[in-house]
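Results of the structural survey
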Amino acid sequence: MRHVAIPGHDPEHEAGQSSVRGHDPEHDPVRDPWRTTMTLALAEAAAAAAAGDVPVGAVLLSPAGDVLALGHNERERHGDPTAHAEVLALRRGARKLGEWRLQGCTLVVTLEPCTMCAGAIQQSRIERVVYGAHDQKAGAAGSLWDLLRDRRLNHRPEVIAGVREEECAAQLTAFFRDRQPDRRT
Ligand SMILES: [Zn+2]
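Remember, predicted model here, so these are calculated numbers, not experimental data.

What counts and what doesn't
Residues numbered from 1 in each chain as written. Predicted model: local features only at pLDDT ≥ 70, side-chain atom pairs only at ≥ 80, totals over all residues. Core = buried A, V, L, I, M, F, W, Y, C linked by C-beta atoms within 7 Å. Buried ≥ 20, exposed ≤ 12 C-beta atoms within 10 Å, placed from the backbone. Helix = DSSP H or I, 4+ residues; strand = E, 2+ residues; numbered from the N terminus. Contact = placed C-beta atoms within 7 Å. UniProt positions renumbered as here; feature names shortened; annotations may be inferred. Axes fitted to C-alpha atoms, helices over the stretch in contact; angles between N-to-C directions. Parallel < 35°, antiparallel > 145°, perpendicular 65-115°, else oblique. Left-handed = near helix turned anticlockwise from the far one by under 90°. Nonpolar A, V, L, I, M, F, W, Y, C, P; charged D, E, K, R; others polar. Pairing = 2+ DSSP bridges.

Quick notes on the nonpolar core
One finds Ala58, Leu60, Ala89, Leu107, Val108 and Val109 to be the most contacted residues of the largest nonpolar core, which totals 41 residues. Elements that contribute at least two residues to this core include exactly α2 (35-50), β1 (57-61), β2 (67-72), α4 (85-97), β3 (106-111), α5 (115-124) and β4 (128-133). When residues of this core are assigned to their parent elements, the largest contribution, six residues, is made by α2. Each residue touching Leu60, except ones within four places of it in the same chain, is listed here: Leu68, Ala69, Ala89, Leu90, Gly93, Cys105 and Leu107.

Here it is, written out as C-alpha cells:
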C-alpha cells in the first residue's frame, strides 16, 4: 500500500510556496542565517548563569564565518565591572588575531549591547553586530540609544536585532526569577 502525496493538499508545500512571496512568518532571510551561531551564544550565556552572573553570551566570528572567540558575562566572577560578554569576546578575538582592528568580523550576542560594549564594538571596527533580546533599560543599539549607528561616527557596523529574541529574553527572565528569593530589596 502506498501513500501518495497530493501536491495541492500538502500544507508544508503551500507554506513553502507562500514564503517565496514573503508571506511566511516562519522564514526570515535577515535573521535565519544567524540562528545557529546564536545557539553558541546562548550556551555561553548559560555558563554565565551557572557561575552566578547575569546570562549574556557572545560569539565573535571571523570574516570567513569561523568562531574566533567566545565570551560570557564574568562581572561577578571577577568582580570586574567591564567583564561583559562582548568586551571579553572582542579582547580574546583581538589577541588571537594579534590585531586590534577586527575588520570584517561579526559579533553575535544574546542581549543588546550596553553603552560600554557599543563603545568597544565601535572601537574594534567590526563589520556587524547581531543580537537577540532588546534591552529597554540599557540598550545602546537601538533601544535607549543607538551608538552603533550614530551618523556622527565614521565607523558604523551593520546591526541585526531580534535573532531568537524570545529564547534570549527567556534565559534572562528565568535567571532573575530564580534569584528573586535571595534578593533583599
Ligand atoms: Zn555591555
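Having put the structure on the table, let's press on.
Describing the UniProt feature "active site" (unreviewed entry) in the protein chain
Residues annotated by UniProt as "active site" (unreviewed entry) correspond here to Glu86. Examined against the element boundaries, Glu86 turns out to sit in helix α4. Of the residues examined, Glu86 has 27 C-beta atoms within 10 Å and is grouped as buried. Those residues within four positions of Glu86 in sequence are excluded, and the remaining contacts are Ala58, Gly71, Leu107, Val109, Pro113, Cys117, Ala120 and Ile121.

Quick look at the UniProt feature "binding site: Zn(2+)" (unreviewed entry) in the protein chain
UniProt tags His84, Cys114 and Cys117 as "binding site: Zn(2+)" (unreviewed entry). Their sequence span is 34 residues, while the largest C-alpha to C-alpha distance among them is just 9.2 Å; these annotated residues converge on one region. If sequence neighbours within four positions are ignored, His84 has contacts with Val56, Asn73, Arg75, Cys114, Met116 and Cys117. Ignoring any residue separated from it by four or fewer positions in sequence, one finds Cys117 in contact with His84, Glu86 and Val87.

Focus on the packing of α4 against α5
As a packed pair, α4 and α5 sit with axes 9 Å apart at the nearest point and diverge in direction by 25 degrees. Relative to α5, the element α4 lies roughly parallel. Crossing geometry of α4 relative to α5 is assigned as left-handed. Together, Glu86, Val87 and Leu90 of α4 and Cys117, Ala120, Ile121 and Ser124 of α5 make up the contact between the two elements. Of the residues contributing to the contact of α4 with α5, the split by class is five nonpolar, one polar and one charged.

A look at the environment of Ala161
Relative to the helices and strands, Ala161 is located in strand β5 (residues 158-161). Classification of Ala161 as partly exposed rests on a count of 18 C-beta atoms within 10 Å. Counting along the chain gives 49 residues from Ala161 to Glu112, while the straight-line C-alpha distance between them is 7.8 Å.

Overview of the packing of α2 against helix α6 (residues 165-179)
Put simply, α2 and α6 touch, their axes get as near as 11 Å, and they point 5 degrees apart. In terms of their interaxial angle, α2 and α6 are classed as roughly parallel. Only Glu167, Cys168, Gln171 and Phe175 of α6 make contact with α2, whose side of the interface consists of Leu42, Ala45 and Ala49. Considered class by class, the residues forming the contact of α2 with α6 number five nonpolar, one polar and one charged.

Quick word on the sheet that holds β4
Read across the open sheet, the five strands follow the order β2-β1-β3-β4-β5; overall the sheet is mixed. Of all strands in the sheet, those with a lone pairing partner are β2 and β5, marking the two edges. Strand after strand, the sheet turns through a mean of 15 degrees between neighbouring axes, direction not considered. Across the sheet, α6 lies against β3 and β4, angled at about 60 degrees from β4, the strand it touches most.

Notes on unusual backbone geometry
Positive phi, close to 65 degrees, is recorded for Arg125, a residue that is not glycine. Looking at the element boundaries, Arg125 is found in the loop between α5 and β4. For Arg164, which is not glycine, the phi torsion reads 50 degrees and is therefore positive. Within the secondary structure, Arg164 is located in the loop between β5 and α6. Given 20 C-beta atoms within 10 Å, Arg164 falls into the buried group.

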